[in-house]
Amino acid sequence: MMLVRNVVVLMLLVTVVAPIILYTDRIGTFKSASSRNEFIEEVTSFTFSGDAGRLNVLPQESSATLKEPIGLVYTDNTTKDSQKLEGVEHKSARVLSATTDDSQAQKENPIRQVTDGNNQGVQSGISEKSTVAGENEVGRKGKIPKDEDGKVKVSKRSSSKNVAQNVEVKAEDQSSKTPVIAGKQETAKSGEGQNEQMAMPDARVRQLKDQLIRAKVYLSLPATKNNPHFTRELRQRIKEVQRVLGAAAKDSDLPRNSYERLKAMEQSLAKGKQIQDDCSAIVRKLRAMLHSTEEQLRVHKKQTLFLTQLTAKTLPKGLHCLPLRLTSEYYTLNSTQQHFPNQEKLEDPRLFHYALFSDNVLAAAVVVNSTITHAKEPSKHVFHIVTDRLNYAAMRMWFLVNPPGKATIQVQNIEEFTWLNSSYSPVLKQLGSQSMIDYYFRTHRANSDSNLKYRNPKYLSILNHLRFYLPEIFPKLDKVLFLDDDIVVQKDLTGLWSLDLKGKVNGAVETCGESFHRFDRYLNFSNPLISKNFDPRACGWAYGMNVFDLKEWKKQNITEVYHNWQKLNHDRQLWKLGTLPPGLITFWNRTHPLDRLWHVLGLGYNPNVNQRDIERAAVIHYNGNLKPWLEIGMPKYRNYWVKYVDYDHVYLRECNINP
């Protein structure tokens, strides 16, 4: 009888009680999942002390019993083989970047709230985040369990792996949208990584390029060639990375799948590393690549120098149009309209006189405009402009239409200086000689100079040598401030006329801060005439803004000194071409150094001129080939020049001259 009873009870348990237990357990599981989803949805409306708070994933002391799963993070310091890369997946902290879609701008998802958490909601936020891990308790009770202190209880049986995977998948999607991985807060060591991200916006681009180099090295090695399967794989990876890179210069230019391509390439390179067993072959290949790259760099530098020199001596279309347009307008004026006012001031030694020798109308206009803009008494400033016959009418027309306020203007034609002829000037005789023509134009000859800078037409222009004839041009003046046409004046220059030059003829800023501005860089010290008269380490000085005492000039007969040295250099054995070398010789021991902030040089060739010096300088000089009116001019310095040009002027618009 007892046996029959036990059998009946057992059957009842199997047929009645077991289904009930299984059914209730399934309901509990469903509720747990439902509660978890509800909790994640409610995170978006999480508030702390009445303010919207954001969660983060920084570890907290209150959750010491739980070690949260650490998600995958891509860092730009990706390892070189697949084993290390897999290690990163488990050890690195993922930086979650926010999506940039406009449709999600106002509705932040839980991932973004976790990523962008502010400091105010850290403690509460991590407690709430930790509760997600305890989803079993949430599912069963329908609320977040807390202990006596109000802190969230965390169960060791919590299956937070699903939540972490959910976060990881979303973060992976977002990281593919934004090439530069961003995040306001990262785990533990995020501070340094974030600074590196900000400092190197092209880190991933550089890493992809490095991968290409490594892949090409492996592809050329015998061990790879003997493995056709790996060769095909590597070629495919190279094509993928090349498509991803394209013309990208920074990480933000990369497409969404750049990280996947980088990871795939890294895995292929790890295989290549295992295949290669001959390190010496890799070293030889890298050396050959380095040599080839250096050779290409040398060729490109030479081409760049040639094209830069060519551009520097080529007149832009707009600057060719402008003088033609002005010249045609000038000859439509009657004789009474072709004269400048205040001509009685031209020989008054009590005024401030400037000498400007130029064939560039726009450049001369900038020099005059910038000087007058900063002059305290514009009516006392007189500008003497000398140009060639071709630009004479255009230069006059420009300043007739655009008079410089109360200042006085004089425009002269160099052809009017009848005293300046080959019988008086040795340099003029040399410029017209057959040897000079052969030297300049027939560059294929063996005796021609390989330095392309000496092919610039300015070296054949007598305008460039007029600076040595200032007393003849201005016989009634005592002091003249010489200005090049590639300068911009930023301060009042009146104080230069009151400077005591202490018996010297030339007041100039010295340039001995750079080794290439010393005498031995300009003069041929292998010639005894140079070596016994000058110091090779003597400090050079700059043309461009120079105060000349014409009284001392005449007293010391400087023009004759210049002529004597020019005659000695008839075969160009003392120096090549230009005006600075003969200037250094002519004014040797006759130059008074000025404060360097009167004249800051290098804006036409040096991209690293001190910005503070530029701002404080009285005159900035675009010496070099990168003139501000050329397209090759450096944009960072161009604005200092552009602001003195009226691009709305009718002549500039007609000639399509734009900033």
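So, how was this worked out
- Residues numbered from 1 in each chain as written.
- Predicted model: local features only at pLDDT ≥ 70, side-chain atom pairs only at ≥ 80, totals over all residues.
- Heavy atoms only, no water.
- UniProt positions renumbered as here; feature names shortened; annotations may be inferred.
- Buried < 20%, exposed > 50% of the residue type's maximum accessible area, 1.4 Å probe, protein only.
- Helix = DSSP H or I, 4+ residues; strand = E, 2+ residues; numbered from the N terminus.
- Pairing = 2+ DSSP bridges.
- Right-handed = clockwise from strand over helix to strand, strands pointing away.
- Contact = heavy atoms within 4.5 Å.
- Expected span 1.5 Å × (residues − 1).
- Arc of directions from axis to C-beta.
- Salt bridge = Lys/Arg side-chain N within 4 Å of Asp/Glu carboxyl O.

For the protein chain, an unreviewed UniProt entry supplies the name Hexosyltransferase and the organism Eucalyptus grandis. We quote the UniProt Pathway (unreviewed entry) comment for the protein chain here in full: "Glycan metabolism; pectin biosynthesis."

Caption draft 1: Fine view of the pairing of strand β3 (residues 352-357). By the criterion of burial, β3 is predominantly enclosed, with six of the six residues buried. Taking every second residue as pointing to the same face, both faces of β3 are buried, with Phe-352, Tyr-354 and Leu-356 on one and His-353, Ala-355 and Phe-357 on the other. Relative to strand β4 (residues 381-387), β3 runs parallel, the two being bridged by six bridges. Bridged to Phe-352 within β4 is His-381. The parallel pair β3 and β4, bridged by helix α14 (residues 361-374), forms a crossover whose chirality is right-handed. Examined bridge by bridge, β3 and strand β6 (residues 479-483) share three bridges and lie parallel to one another. From the neighbouring strand, Tyr-354 faces β6, where its bridge partner is Leu-481.

Caption draft 2: View of the side chain of His-599. Position of His-599 relative to the elements: it lies in the loop between β10 (591-593) and α23 (611-616). Among the residues examined, His-599 registers a relative accessible area of 1% and is labelled buried. Ignoring anything within four residues of it in the chain, the contact list for His-599 reads Val-509, Ala-542, Tyr-543, Gly-544, Met-545, Val-619 and His-621.

Caption draft 3: Geometry of helix α13 (residues 317-330). Taking 1.5 Å per residue as the helical rise, α13 with its 14 residues ought to reach 20 Å, and the 20 Å between its terminal C-alpha atoms agrees with that figure. When we look at burial in α13, the residues that qualify are Gly-318, Leu-319, Leu-322, Pro-323, Leu-326 and Tyr-330. For α13, the arc enclosing every buried residue in end-on projection is 135°, short of the 170-degree limit, so these residues lie on one face. Seen from the open side of α13, the exposed residues pointing more than 90 degrees away from its buried face are Lys-317 and Leu-324.

Caption draft 4: A look at the pattern of salt bridges. Here the structure, examined in full by the defined rule, presents 17 salt bridges. The partner of Glu-377 in a salt bridge is Lys-380, with the nearest N and O atoms 3.3 Å apart. The partly exposed category is assigned to Glu-377, whose relative accessible area is 38%. For Lys-380, a relative accessible area of 33% translates into the label partly exposed.

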